[in-house]
Every structure is written in C-alpha cells, then in structure tokens.
Amino acid sequence: MSELLLELLSEEIPARMQLRASEDLKCLVVEGLKTRGLDVGQARAYSTPRRLTLVVENVPAQSPEISEERKGPRVGAPEKAVEGFLKSAGLASIKDATIVKDEKKGDYYVAKIERPGRAALEIVAETIIEVTAKFPWPKSMHWGSSPFQWVRPLQSILCLLDGKIVPFEIAGIDAGNETRGHRFLGPGPFKVKNFADYEAKLAAHHVMLDPEKRKAAISEQAHALAKEAKLELIEDDALLAENAGLTEWPVVLMGSFDKAFLNVPAEVLTTSMKTHQKCFSLREPRSKKLANKFLMVSNLVAKDGGAEIVAGNEKVIRARLSDAKFFWEQDLKHPLGEMAGKLAGITFHEKLGSQKDRVERIEQLAFELAGACDAVPEDARRAAGLAKADLVSEMVGEFPELQGLMGRYYAEYVGTKPEIARAIELHYKPKGPTDTVPREDQGDAVAVAVALADKLDTLVGFWAIGEKPTGSGDPYQLRRAALGVIRIVLENDLRVPLGKHIREALALQNGKVKSPEDIVGDLLSFFADRLKVFLRDQGKRHDLIDAVFALGGQDDLALIVKRVEALDTFLKTDDGANLLAGVKRAANILSIEEKKDKKSYAGPYDLKLIVEKEETALAAAIEATKQDTIAAIAVENFAGAMRALSELRAPVDQFFEKILVNADDAKIRENRLRLLSEIRAATQTVADFSKISG
C-alpha cells in the first residue's frame with residue numbers, strides 16, 4: 001500500500017474559499033479513485049493562501065481484475081438492440097456472446113466481461129485531471145492561452161505515489177516532486193519524498209501547512225501580546241479563521257490609535273478595524289471598555305521587528321476610524337424620527353411597498369402583540385416606528401451589520417426610554433439558531449413585541465404575494481423568521497394565538513389579499529413543520545406534534561409544546577402505552593365496521609343498551625375522563641390531563657377482554673361501536689391518538 005501526495009500551488013486563494021476547496025478536493029479525488037476501483041484508506045486535506053494539499057493513505061498498486069456477466073437481449077431481437085448490447089459489453093461480434101436457454105421467457109445473450117486491473121499511477125493521473133477540470137470553485141479564471149480554469153493562476157503541481165512522480169499535465173504544467181515555501185521567507189524550489197518530508201520542509205521554509213496550527217499560533221501570540229500590555233483580547237473566531245487563511249507564517253503585532261476615537265461606539269471601531277484591516281481589538285480587563293490598541297497579523301518576519309508594518313497599519317486604521325467618526329457625528333445631527341421619514345424612499349419589496357409601509361404595519365402589529373408579553377402598547381408602537389430608521393444612516397450604509405445597534409445608540413443619545421432603545425437593537429434577534437432571543441424577564445418586553453411583529457409581517461407579507469420557501473431555496477429566509485417566532489414564544493412562555501395575529505397582519509397588507517383563510521391555514525401548517533424540526537433537534541417526537549395539531553384550533557405554540565411534552569411523558573408509562581394500544585384497537589375496529597356498514601358510529605351511546613358491568617365501567621370512565629381532561633387543560637395542567645387519561649386504561653383493557661363488540665343483537669352491537677367511538681372522543685380532548693406511531 002502506498003501514500004498519495006498531491007499539492008496544487010497557485011497565486012493567493014481567497015481565505016473564504018480555502019476550507020471548502022480543501023474538503024472538495026479530498027471528497028472528489030477519493031470518490032474518483034474508488035469509482036475507478038482503488039479502495040484507498042484515510043485522506044487528509046490542507047490549505048494555505050497559496051496551496052491545496054491532499055494526502056491519501058493505503059493506495060493499492062492497481063485496481064482489482066473484474067469478471068462479470070452482462071445479460072443482453074433475447075435471441076432474435078432487433079438488430080439495433082443487439083448492436084447496443086455489443087457496444088456496451090465491448091464485444092466485436094455476437095458470436096463472442098453466450099446463449100442462455102430459457103424455455104419460459106425465451107433464449108437470451110450473455111456477455112462474459114473480463115477486465116484486467118489498472119495501474120494506480122494511471123488511475124491517479126486520470127482522476128486528478130478530471131477533478132481539476134470540473135472543480136467547483138465559486139469563481140474561477142482563465143490565464144494565458146489555456147482553456148483551463150482555476151481560482152487563481154496555477155504555478156506548479158506536486159504529485160507523488162509511493163515517492164514516485166505521477167506523470168500528467170494540467171494547463172501546460174507537468175506534475176513533479178518540487179514545491180516552494182513562503183513567497184518571501186522561503187521562495188526557492190525544493191524536492192520532497194513523501195508527506196512527512198513535505199510537511200517538515202515546508203515548515204523549514206516558513207509555511208505552516210495545517211490551518212488549525214496557524215489559528216493556534218495566531219491565538220497564542222495574540223493572547224501573549226495582550227497579556228503583556230495588561231489588556232484582554234476580544235475573541236473573534238471568524239476573524240481568527242480569516243487571518244489563518246491570509247497567512248502562511250503568521251506573526252502578530254500590536255499597534256495603537258488616538259484615544260479621541262474612543263468617543264465613537266466601541267462596536268463601530270472594532271467593526272471598522274476588522275472589516276478594513278482584519279485587525280483584532282483589545283479591551284480593559286476590568287471595565288471591559290475598548291482600549292486604543294489593536295492586533296494585526298503579518299505574513300512576514302520583518303528585520304525591524306515589524307515597526308514599519310505597524311506604522312503602515314496605524315496610518316490606515318487612523319484613516320478608517322476618522323471615516324467612522326465622521327459618520328457618527330453626521331448621524332447624530334439627524335434624530336431617528338427624521339431618519340424614519342426617509343424610509344419612504346427605500347423599497348422593501350416591489351409587491352410589499354417601501355420600508356415606511358412596512359414600519360407602519362409593524363407598528364400596529366407590535367401594539368396588538370404588546371399585551372402577550374406585558375409590554376406597554378404605546379412603547380411597542382414607538383419602538384417599531386423607530387426600529388428601521390437607522391437603515392438610512394451613514395454608519396449603517398458603511399457597515400450594514402451594525403443595523404439595530406446604531407439605532408439604539410442614536411435613540412439613547414436623545415434620551416429615548418431605555419426599553420424602546422433596546423428594542424431597536426434587539427428586534428432583529430434571533431439572527432440564527434445559536435443567537436439569543438429578547439427576554440421579557442430581562443426587561444425587554446417591548447423588544448419581544450417588536451421582534452414578533454417584525455417576523456410575522458415578513459412571513460405574512462411574502463405568503464400573501466406567493467413567495468413561499470421551496471425545497472431548493474428560501475431567498476427571504478422565511479424559515480429563519482418562523483424559527484425566530486417559535487423561539488421567542490417558547491423561551492418567554494408567551495400565550496400568542498398565531499391565527500389571530502396572522503389575520504391581523506393580513507388585514508394590514510397593501511391591496512386585497514386573495515383567500516386569506518387559505519394563507520392562515522398554510523402559514524399555521526408551516527409553523528407546525530418548523531416546530532417539528534425545532535423539537536426534533538431537541539429529541540422530541542414529531543408524531544406527537546401531529547397528534548396535537550390534528551385537534552384543530554391549535555395555534556398557541558407554548559401550549560402545544562407543553563401538551564406534547566406531557567403526552568410524551570405519559571406514553572412512556574405502562575398506562576400510556578397500553579391505553580394507546582387500546583385506542584388504536586378501538587379505532588381499527590371502528591374503521592372496519594364503518595366501512596362494512598357504510599355508516600359512522602360517532603355520537604352518543606344508549607345507556608339502556610349497556611348490559612355488562614365492563615360496559616358500565618367503561619362508560620363511566622369515559623364521561624369522567626372527558627370532564628377531568630377538559631378541566632385540567634383549561635388551567636394548562638397537562639400532567640393532570642394525562643393522569644385523567646390513565647384512568648381509562650383499566651376499563652378499556654377489561655372491555656376488550658370480556659366484551660364481544662360484534663354481538664348478535666344488532667342494537668347492542670351498534671351501541672358497543674358507539675361506545676368505542678367515545679373512547680376515541682375522550683382521548684381527543686388531549687390529542688388525536690391515531691396520529692401517534694406505536
């Protein structure tokens with residue numbers, strides 16, 4: 001078994017593409033080798049700004065010989081069918097095929113195909129040429145006269161199998177056993193024998209091959225410099241990964257900027273330094289206030305200790321922070337109310353009007369939703385009216401990721417109520433599955449109301465114009481909006497009748513909405529599907545959600561989840577499992593008999609026709625269960641409702657053990673079938689047991 005080593009050296013690969021590209025290279029090459037018969041071992045991929053590297057273990061010397069039989073057309077089949085068979089089987093003449101006798105279906109041809117194994121060198125070369133020709137770069141380019149495309153001009157190819165060069169050519173470049181080190185610190189070519197030799201020599205030529213090691217080196221140096229300056233590093237995993245993708249030999253240096261810039265909000269300064277110069281920010285360990293220091297990651301070991309690099313970065317940072325300070329000062333001259341008036345000039349969607357139109361809808365929705373989260377309705381309306389105003393600010397124009405946050409700062413600057421100012425920032429949350437939600441118990445009830453209104457308006461608006469998510473796309477991130485509503489409602493334990501608020505949102509849409517009740521039903525089904533996904537990720541059973549939604553009128557997410565959790569707990573008990581079996585048995589009998597008799601047995605039974613004690617006991621238990629479950633659910637005591645259901649278990653078991661449902665007397669038979677339908681009716685106060693698996 002041999003080791004395959006491949007390196008594709010090029011001009012600088014964008015940092016955002018490197019990780020995906022290395023994984024694609026690994027998957028595509030390994031898949032190609034296995035498809036061609038080479039059952040290889042473990043593969044590892046690496047990337048730097050200039051190279052993609054792949055090492056594959058346990059590559060066999062050749063693919064195995066193949067011996068197979070391929071069935072062909074029947075004897076006497078049309079000439080075209082025979083020709084196609086010969087071509088696919090690689091036979092020169094039909095005489096080379098074997099005739100198999102079949103008295104029932106007729107004789108047919110069989111081709112015996114013998115294929116010798118192929119040398120691994122040949123397979124590897126063929127695979128790499130194919131993979132590189134169709135490599136899925138998000139963007140690629142031509143250079144020179146070759147039609148070959150790569151993300152950046154390819155400079156060299158290193159490809160070794162068991163230490164031997166794999167002979168092939170791509171874009172006029174022959175594969176060899178040479179590579180190069182760091183562009184400035186180790187530029188000369190050098191030969192390698194295998195991966196261990198390759199990795200060691202790269203390190204000697206100032207290249208850290210593994211991006212994880214580069215990230216660790218940056219983090220270690222950054223923390224050491226911060227500690228030396230008695231400061232604290234503001235962690236940023238995305239920035240760390242990006243810098244690892246920009247350097248082959250990272251060296252962290254510290255710079256500073258004028259303290260006057262600290263009058264600008266800290267998030268603005270950190271965003272500016274991160275966006276424009278890929279620099280890390282530092283803060284005071286105790287106060288957590290931003291310090292006038294920053295860390296940059298160089299790709300050089302400078303002779304002057306990095307002094308010139310630091311000076312250059314400080315000059316650029318000073319210019320960028322001056323811009324940010326200018327934007328801040330200009331924005332403060334225009335109150336949020338004035339900015340909000342300019343939203344009329346920003347189109348939200350051609351069919352849904354301007355941002356101003358949208359804000360007016362959100363204002364009304366937030367006012368209506370305020371009661372659900374104990375927010376002051378007028379505060380919710382005011383916060384919604386200002387929530388999108390910062391979209392026209394200079395700062396958000398430069399840094400869109402600061403929307404909401406800047407609105408909060410501008411509101412605070414003019415003395416807006418704190419809960420309204422926070423709502424402007426928090427109403428975008430949650431921005432993803434790991435983001436936090438605004439919490440009523442943390443004083444952000446107004447933010448909860450505005451966040452719900454914002455997301456419901458988005459969902460209802462796009463549903464109203466027929467722009468729903470599809471299996472292949474969700475361009476308006478409507479699934480995320482629905483998940484946001486679900487998380488806000490559940491994590492705040494809110495009672496929000498979704499159907500009512502969806503109808504309110506529909507009434508606010510510009511123009512007449514066609515089939516509003518269809519939209520309400522469709523959106524509630526969408527929420528049910530999103531809730532299933534959300535709960536499934538938490539280990540909950542999706543069939544229980546179906547069982548609760550099947551009752552109809554279930555649009556209070558918090559109550560649905562409480563009911564599902566109580567039902568899940570109940571079904572794990574013996575009483576629950578046995579009752580489920582009994583209810584399903586009753587449902588199956590009813591289904592069979594109703595189909596046979598062509599009539600429904602739903603409805604009340606006749607007490608006068610109950611003759612056996614087991615029937616009497618079951619009837620009494622059904623009536624008690626109905627009353628007890630309804631009473632328990634009315635006060636949201638779902639555990640109590642399940643305990644009431646458990647009282648049905650013994651009477652149901654006794655009924656099926658002692659009573660013959662299909663009695664000879666037609667009236668008694670019908671009454672017993674009606675009694676079975678009442679079992680179903682009693683359990684449907686809690687859930688539709690027919691939707692539950694098991």
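Computed from a prediction, not measured in an experiment: that's the story for all the values here.

## Some details on the overall build of the protein chain
Of the regular secondary structure elements, the protein chain holds 25 helices and 18 strands. Here the C-alpha radius of gyration of the protein chain, 35 Å, is well above what a compact globule of 694 residues would show, namely 26 Å. When the backbone C-alpha atoms are referred to their principal axes, the protein chain occupies close to 105 × 95 × 50 Å. The buried share of the protein chain, reckoned over its 694 residues, is 47%. Within the protein chain, contacts between residues at least 6 apart in sequence are counted, and of these 69% link residues at least 24 apart. Carbon and sulfur atoms make up 50% of the accessible area of the protein chain, which totals about 33,800 Å². Side chains of the protein chain carry 98 positive and 105 negative charges; the gap between the two charge centres is 2 Å.

## Points about the packing of aromatic side chains
Overall, the coordinates contain 15 aromatic pairs when judged by the stated rule. Measuring from ring centre to ring centre gives 6.2 Å for F195 and Y198, while their planes differ by 40 degrees; the resulting arrangement is tilted. Remark: Y198 and F195 occur in helix α4 (residues 195–204); sequence separation between them is three residues, near one turn of the helix. Given the relative accessible area of 6%, F195 is considered buried.

## Observations regarding unusual backbone geometry
Cis geometry is found at the peptide bond from K429 to P430, where omega equals -5 degrees. Looking at the secondary structure, you find P430 in the loop between α14 (418–426) and α15 (445–464). If you check the backbone angles, N58 has positive phi at about 55 degrees while not being a glycine. Counting through the fold element by element, N58 comes out in strand β3 (residues 51–59). A positive phi is found at D493, a non-glycine position, where the angle reads about 50 degrees. Secondary-structure assignment places D493 in the loop between α16 (478–491) and α17 (498–508).

## What about the nonpolar core?
L459, F527, L531 and L567 are the most contacted members of the largest nonpolar core, which totals 101 residues. Take this core: its biggest share by element is 14 residues, from α15. Apart from residues lying up to four places away in sequence, L567 is in contact with L544, M642, V686, A687, F689 and I692. Core analysis: the second largest hydrophobic core is formed by 39 residues, L8, I13, V29 and L33 among them.

## Brief notes about the environment of A602
Topologically, A602 is positioned in the loop between α21 (574–597) and α22 (613–634). Separated by 78 residues in the primary sequence, A602 and R680 place their C-alpha atoms 9.3 Å from one another. Ignoring anything within four residues of it in the chain, the contact list for A602 reads E594, R674 and S677.

## Some points on helix α25 (residues 666–683)
When the terminal C-alpha atoms of α25 are compared, their 26 Å separation across 18 residues agrees well with the 26 Å that a helix rising 1.5 Å per residue should span. Here α25 lies mainly inside the structure; 13 of its 18 residues are buried. Its side-chain oxygen at 2.9 Å from the backbone nitrogen of K667, D665 defines the N-terminal cap of α25.

## What about the side chain of S63?
With respect to the helices and strands, the residue S63 is situated in the loop between β3 and β4 (66–74). Side-chain polar atoms of S63 contact the backbone nitrogen of R118, separated by 2.8 Å. If near-sequence neighbours (up to four positions away) are discounted, S63 is found in contact with R36, G37, L38, G117, R118 and I123.

## What about the sheet that holds β4?
Whether parallel or antiparallel, the strands of a sheet pair through hydrogen bonds between backbone atoms. Pairing in this open sheet of three strands is antiparallel, and the strands run β4-β6-β5 from one edge to the other. Two strands close off the open sheet at either side, each with one partner strand: β4 and β5 (98–100). Ignoring strand direction, the axes of neighbouring strands in this sheet form an average angle of 35 degrees. Of the strand pairs in this sheet, β4 and strand β6 (residues 108–115) are connected by seven bridges, and their pairing is antiparallel. Counterpart to K71 in the pairing with β6 is V110. Against the sheet, helix α2 (residues 79–89) makes contact with β4 and β6, and its axis sits at roughly 175 degrees relative to β4, the strand it touches most.

## What about helix α20 (residues 557–571)?
Note on helix geometry: an α-helix contains 3.6 residues per turn, so any two residues three or four positions apart are oriented the same way. Taking 1.5 Å as the rise per residue, α20 with 15 residues should run 21 Å; its terminal C-alpha atoms sit 21 Å apart, in good agreement. Taken across its 15 residues, α20 has eleven buried, putting it largely inside the fold.

## Considerations on the sheet that holds strand β13 (residues 232–233)
Within the open sheet, the four strands sit side by side as β13-β15-β16-β14. Their pairing is antiparallel. Two strands bound the open sheet, and with one partner strand each, they are β13 and β14 (251–256). The pairing of strand β15 (residues 280–283) with strand β16 (residues 290–298) spans three bridges and is classified as antiparallel. Note on β16: the bridge partner recorded for R283 is L290. Most of the contacts of helix α7 (residues 266–277) go to β16, to which it runs at about 15 degrees, and overall it touches β15 and β16. Sheet strands touched by helix α8 (residues 307–331): β14 and β16. Its angle to β16, the strand with the most contacts, is close to 125 degrees.

## Brief notes about the pairing of β6
Note on strand geometry: in a regular strand, side chains alternate between the two faces of the sheet. Pairing geometry for β5 and β6, over three bridges, is antiparallel. For V100, the partnering residue across the bridge sits in β6 and is Y108.

## With respect to the packing of α22 against helix α24 (residues 649–658)
If you want to describe how two helices pack, look at the angle between their axes and the distance between the axes. The interhelical angle for the contact between α22 and α24, taken along N-to-C directions, is 150 degrees, at an axis separation of 9 Å. As the angle between them shows, α22 and α24 are arranged roughly antiparallel. Considering how the two elements wind past one another, α22 and α24 form a crossing that is left-handed. Across the interface between the two elements, E614, E615, A617, L618 and A621 from α22 touch P651, V652, Q654, F655 and K658 from α24. Partitioned by chemical class, the residues of the contact of α22 with α24 number six nonpolar, one polar and three charged.

## A closer look at the pattern of salt bridges
By the definition in use, this model includes 53 salt bridges. Across the pair R408 and E425 runs a salt bridge, and its minimum N-O distance is 2.7 Å. Here the residue R408 occupies a position in helix α13 (residues 405–413), and E425 occupies one in helix α14, the gap between them amounting to 17 residues. Of the charged contacts, one joins R649 and D653 as a salt bridge, the two residues approaching to 2.9 Å between their closest N and O atoms. On the criterion of helical spacing, the pair formed by R649 and D653 is a turn pair, its members being four residues apart in helix α24. Residue D653 is classed as partly exposed on the basis of its relative accessible area, which comes to 30%.

## Focus: the environment of S281
By the element assignment, S281 lies in strand β15. In this structure the C-alpha to C-alpha distance between S281 and M296, which are 15 residues apart in sequence, comes to 9.2 Å.

## Topic: the packing of α22 against α25
In contact at an axis separation of 10 Å, α22 and α25 are set at 25 degrees when each is read in the N-to-C sense. Of the possible angle classes, the one that applies to α22 and α25 is roughly parallel. Crossing of α22 over α25 shows left-handed handedness. Contacts from E615, L618, A619, I622, E623, T625, K626 and T629 in α22 reach R672, L675, E678, I679, A681 and A682 in α25. Counted by class, the contact of α22 with α25 contains seven nonpolar, two polar and five charged residues.

Calculation criteria
- Residues numbered from 1 in each chain as written.
- Predicted model: local features only at pLDDT ≥ 70, side-chain atom pairs only at ≥ 80, totals over all residues.
- Heavy atoms only, no water.
- Helix = DSSP H or I, 4+ residues; strand = E, 2+ residues; numbered from the N terminus.
- Rg over C-alpha atoms; globule rule 2.2 N^0.38 Å.
- Buried < 20%, exposed > 50% of the residue type's maximum accessible area, 1.4 Å probe, protein only.
- Contact = heavy atoms within 4.5 Å.
- Areas by Shrake-Rupley, 256 points an atom, 1.4 Å probe, with all protein chains shown as cover.
- Lys, Arg positive; Asp, Glu negative; His and termini not counted.
- Charge placed at Lys NZ, Arg CZ, Asp CG, Glu CD.
- Phe/Tyr/Trp six-rings, centres within 6.5 Å; stacked < 30°, edge-to-face > 60°.
- Core = buried A, V, L, I, M, F, W, Y, C linked by side-chain atoms within 4.5 Å.
- Expected span 1.5 Å × (residues − 1).
- Polar contact = N/O pair within 3.5 Å; in protein donor to acceptor, adjacent residues only side chain to side chain.
- Pairing = 2+ DSSP bridges.
- Axes fitted to C-alpha atoms, helices over the stretch in contact; angles between N-to-C directions.
- Parallel < 35°, antiparallel > 145°, perpendicular 65-115°, else oblique.
- Left-handed = near helix turned anticlockwise from the far one by under 90°.
- Nonpolar A, V, L, I, M, F, W, Y, C, P; charged D, E, K, R; others polar.
- Salt bridge = Lys/Arg side-chain N within 4 Å of Asp/Glu carboxyl O.

Bear in mind that shape data such as this cannot, by itself, settle questions of function.
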